Amino acid sequence: MKALILVGGYGTRLRPLTLSIPKPLVDFCNKPILLHQVEALASAGVDHVILAVSYMSQMLEKEMKAQEQRLGIRISMSHEEEPLGTAGPLALARDLLSETAEPFFVLNSDVICDFPFQAMVQFHRHHGQEGSILVTKVEEPSKYGVVVCEADTGRIHRFVEKPQVFVSNKINAGMYILSPAVLQRIQLQPTSIEKEIFPVMAKEGQLYAMELQGFWMDIGQPKDFLTGMCLFLQSLRQKQPEQLCSGPGIVGNVLVDPSARIGKNCSIGPNVSLGPGVVVEDGVCIRRCTVLRDAHIRSHSWLESCIVGWRCRVGQWVRMENVTVLGEDVIVNDELYLNGASVLPHKSIVHLDEHAFRGLDTLSRLYLGCNELTSFSFHHLHGLEVTHLRTLDLSSNRLGHIPVPDLAALPAFLKNGLYLHNNPLPCDCRLYHLLQRWRQRGLSAVSDFTREYMCLAFKVPASRVRFFEHSRVFENCSAALAGGIERPEEQLHVQVGQSLKLHCNTSAPAGRIAWVSPQHELLVAPGSRNGSIAVLADGSLAISNVQLWHEGVFVCLATGPHLHHNQTHEYNVSVHFPHPEPEAFNTGFTTLLGCAVGLGLVLLYLFAPPCPAVAAATIAPAAADAGPEHPAHSRT
């Protein structure tokens, strides 16, 4: 009996591990993913396995040739010159698959389960039609394409893509058994077996579904890889508990290769896999992690929900968590904290392909520090979407030229996490003014590493000076050069309780618009999680009832084929309480009138002569004529 395994993909979802080896050869619980499937096929009586290969095919062929003799089966390679989807490879291997009239297996290389291949053969022969697929139940069928079939016979009626109302909770598990007659339905061209071949077979009554009993997981991305590891270890606990490790410091289901070494006072588990040659020093805590071959974890480090690549070195007192993935031969220095990081393999990266990060759209942190990069494309970030990216560490490389306009065009939240220190930057006036502005704005990537920002005054190492401590180097730089480099934030002032509408102004129509709030929440239609902010159909942002927590910088992100590059627009919103109402007119007038009347009375008192002064003036001469002997006497 034969089997075809689809292994031609690039494995982009499992990067950075798949940058070193093809995904089917990545170790899953101390054995390559592909080997789990091939051994199960061999145990079910399959004597010829065909691998539909493309990416890193030579490495796959070398590894499988070594397993061919050990398993006593034939392993062939079917090379795809171009991607053929999930059905095209069957047409390419038509001659091999149709050598006999026996049915053959078809497998996706991403799946891990208990592989009920013998039961699948019996099921297929029982109904006698062209195809059988394995299905598994899921809790949230609205996220998948579901299979609608008869409960008693398994005959498939139709497929429903991401149903909004319940029609079935069974999904395609990525394993099939097909008769050679199916090959007549497939042309040698890129074709999807799930979307183009199976629906036609179901309509003709030629396709049946067998329900999988036990665990199942698509382990094609790091989060699911770790979940699949937990399910696999639990299955080992039930069926082959002797393969699991036990002893001091071991908690729960732990798989340890005999050549691995664990130090004193460690806590390993639950759900941990330690590969060959792994060294774990004293006082280390590891939970829900896979540590691959020859990795070294130094003392007192703490790892949870991580994948540590081959020959990595994790320093002392390091903390890593939240699905952090280290590629091959990565060095993590002492006392570092990695949260959800993906670190590329090796410590001496010299060049990045133009689309090195394509497919990693949800990546939030990218660490490329301590390498030998001489250039980096800030224009399109090597295929990486900027929407979710918050940290980009390019420190301690060999970046000698950085396009200042591309730096200025980055959104504010990425500038805050863009680390460029310890690079041989040129002492460029525009770069100096840009970094000075970032420093004044308090962006942590600059303010936290002020002394580590260096530049070469004369393009030789001996002329290295500190950007922010040798202002004489830049004293002839005109401040006018800074104008227009970075678009300033638009300042808006609004009162509590008012409404606010922000428009994402772009140079051309944008295909997609998203916003980032001052709390770093990504805002797309319909709006924020608490409902206070709405994103309208035209991409504008609306707040019907402004509150104090709406204060801060709102960033608009615009992308699309009509834009020469991704564009951003920033609004700095200041929120304040309404000013108190002015006094009524009659109160002010009354006060003014009172002051005027009072002033008039004062003046009258000071300058108007009193009435008795006139009589005194007429009597005074008579008194003067009386002389000293006869004083004047008043008479009544």
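Everything here concerns the structure above.
These numbers come from a predicted model, not from an experiment.

A count of helices and strands for the protein gives 13 helices and 41 strands. The contacts in the protein between residues at least 6 apart in sequence include a share of 59% that link residues at least 24 apart. Accessible area of the protein: about 32000 Å², with a carbon and sulfur share of 53%.

The next subject is the pairing of strand β3 (residues 74-79). Where strand β2 (residues 48-53) lies against β3, six bridges are found, and the strand directions are parallel. Across the sheet, residue H48 finds its bridge partner in β3, namely R74. Where the polypeptide runs from β2 across helix α2 (residues 57-71) and back to β3, its parallel neighbour, the crossover connection is right-handed.

Counting buried positions over the 11 residues of helix α1 (residues 33-43) gives eight, a clear majority of the element. Residues of α1 that are buried: I33, L34, L35, H36, Q37, V38, A40 and L41. Note on α1: the residue one or two positions beyond its end, G45, has a positive phi of about 100 degrees.

A word on the sheet that holds strand β23 (residues 319-321). Strand pairing in a sheet is mediated by backbone hydrogen bonds. Such pairs are either parallel or antiparallel. One open sheet accounts for five strands, arranged β14-β17-β20-β23-β26; its pairing is parallel. Two strands close off the open sheet at either side, each with one partner strand: β14 (267-268) and β26 (337-339). Note that strand β17 (residues 285-287) and strand β20 (residues 302-304) share three bridges and pair parallel. Pairing of R287 across the sheet is with E304, part of β20.

Grouped together as the largest cluster of nonpolar side chains are 63 residues, with contacts concentrated most on I5, F28, L41, L51, F105, F117 and M175. Considering each element in turn, this core owes the most residues, seven residues, to helix α7 (residues 222-239). The residue makeup of this core includes at least three contributed by each of domain 1 (2-218) and domain 2 (224-343). Ignoring any residue separated from it by four or fewer positions in sequence, one finds I5 in contact with L34, Q37, V38, L41, V49, I50, L51, A52, L107 and S109. Core analysis: the second largest hydrophobic core is formed by 41 residues, L363, L373, F474 and L557 among them.

With omega at 0 degrees, the peptide bond leading from G269 into P270 counts as cis. Looking at where P270 falls in the secondary structure, it is placed in the loop between β14 and β15 (272-274). The linkage connecting A525 with the following residue, P526, adopts the cis geometry, with an omega of 10 degrees. Even without being a glycine, F115 presents a positive backbone phi close to 50 degrees. Along the chain, F115 falls in the loop between β5 (111-113) and α5 (117-127).

Pairing is antiparallel in the open sheet, where three strands are placed in the order β35-β39-β38. Because the sheet does not close on itself, it has two edges, and the strands there are β35 (500-502) and β38 (534-535).

Mapped onto the elements, K170 comes out in strand β9 (residues 170-178). A relative accessible area of 16% means that K170 is categorised as buried. If near-sequence neighbours (up to four positions away) are discounted, K170 is found in contact with V135, T136, K137, G145, V146, V147, C149 and E211.

Here is the key point about a regular strand: its side chains alternate between the two faces of the sheet. With six of its six residues buried, β2 lies for the most part within the structure. Burial along β2 is two-sided: H48, I50 and A52 and V49, L51 and V53, pointing in opposite directions, are all buried. Where strand β1 (residues 2-6) and β2 come together, five bridges link them in parallel fashion. Its bridge partner being in β2, L4 is matched across the sheet by I50. In the classification by handedness, the crossover that spans β1, the intervening α1 and the parallel β2 is right-handed.

Looking now at the state of the cysteines. What the rule picks out here adds up to two disulfides. Residue C427 pairs covalently with C455 via a disulfide, S to S 2.0 Å. Around the S-S axis, the bridge from C427 to C455 shows a dihedral of about 85 degrees and counts as right-handed. Linking C427 in the loop between β31 (425-426) and α10 (429-440) with C455 in strand β32 (residues 454-456), this pair joins segments that are 28 residues apart in sequence. In this pair, the class of C427 matches that of C455, namely buried. At a sulfur-sulfur separation of 1.5 Å, the disulfide partner of C504 is C556. The sign of the S-S torsion, about -85 degrees, decides the handedness of the disulfide formed by C504 and C556: left-handed. With C504 in the loop between β35 and β36 (512-516) and C556 in strand β40 (residues 552-559), the pair connects residues that are 52 residues apart, well separated along the chain. Note on accessibility: C504 and C556 belong to one class, buried. The cysteine C289 is free of any disulfide, with C306 supplying the nearest cysteine sulfur at 4.4 Å.

Moving on, we come to the side chain of T136. Looking at where T136 falls in the secondary structure, it is placed in strand β6 (residues 131-137). For T136, a relative accessible area of 6% corresponds to the buried category. Once residues lying within four places of it in the same chain are set aside, the contact partners of T136 are N169, K170, I171, A173, L212 and W216.

Another point: the packing of aromatic side chains. Tallied over the entire structure, the rule returns seven aromatic pairs. Relative to F225, the ring of F28 has its centre 5.3 Å away and its plane inclined at 85 degrees; by these criteria the two rings are edge-to-face. Here F28, found in the loop between β1 and α1, pairs with F225, found in helix α7; they are 197 residues apart in sequence, far enough to count as distant. Grouping residues by exposure puts F28 and F225 together as buried. Ring geometry for Y176 against F198: centres 4.9 Å apart, planes inclined by 85 degrees, an arrangement best described as edge-to-face.

Moving on, we get to a nonpolar patch on the surface. Judged by side-chain polarity, L593, V597 and L601 come together as a nonpolar surface patch covering roughly 290 Å² of accessible area. Tracing the backbone shows L601 in helix α12 (residues 585-607).

Calculation notes
Residues numbered from 1 in each chain as written. Predicted model: local features only at pLDDT ≥ 70, side-chain atom pairs only at ≥ 80, totals over all residues. Heavy atoms only, no water. Helix = DSSP H or I, 4+ residues; strand = E, 2+ residues; numbered from the N terminus. Contact = heavy atoms within 4.5 Å. Areas by Shrake-Rupley, 256 points an atom, 1.4 Å probe, with all protein chains shown as cover. Pairing = 2+ DSSP bridges. Right-handed = clockwise from strand over helix to strand, strands pointing away. Buried < 20%, exposed > 50% of the residue type's maximum accessible area, 1.4 Å probe, protein only. Core = buried A, V, L, I, M, F, W, Y, C linked by side-chain atoms within 4.5 Å. Domains from an automatic or database assignment. Disulfide = S-S within 2.5 Å. Phe/Tyr/Trp six-rings, centres within 6.5 Å; stacked < 30°, edge-to-face > 60°. Patch = residues over 30% accessible without salt bridge, like charges linked within 9 Å, V, L, I, M, F, W, Y side chains within 5 Å. Salt bridge = Lys/Arg side-chain N within 4 Å of Asp/Glu carboxyl O.

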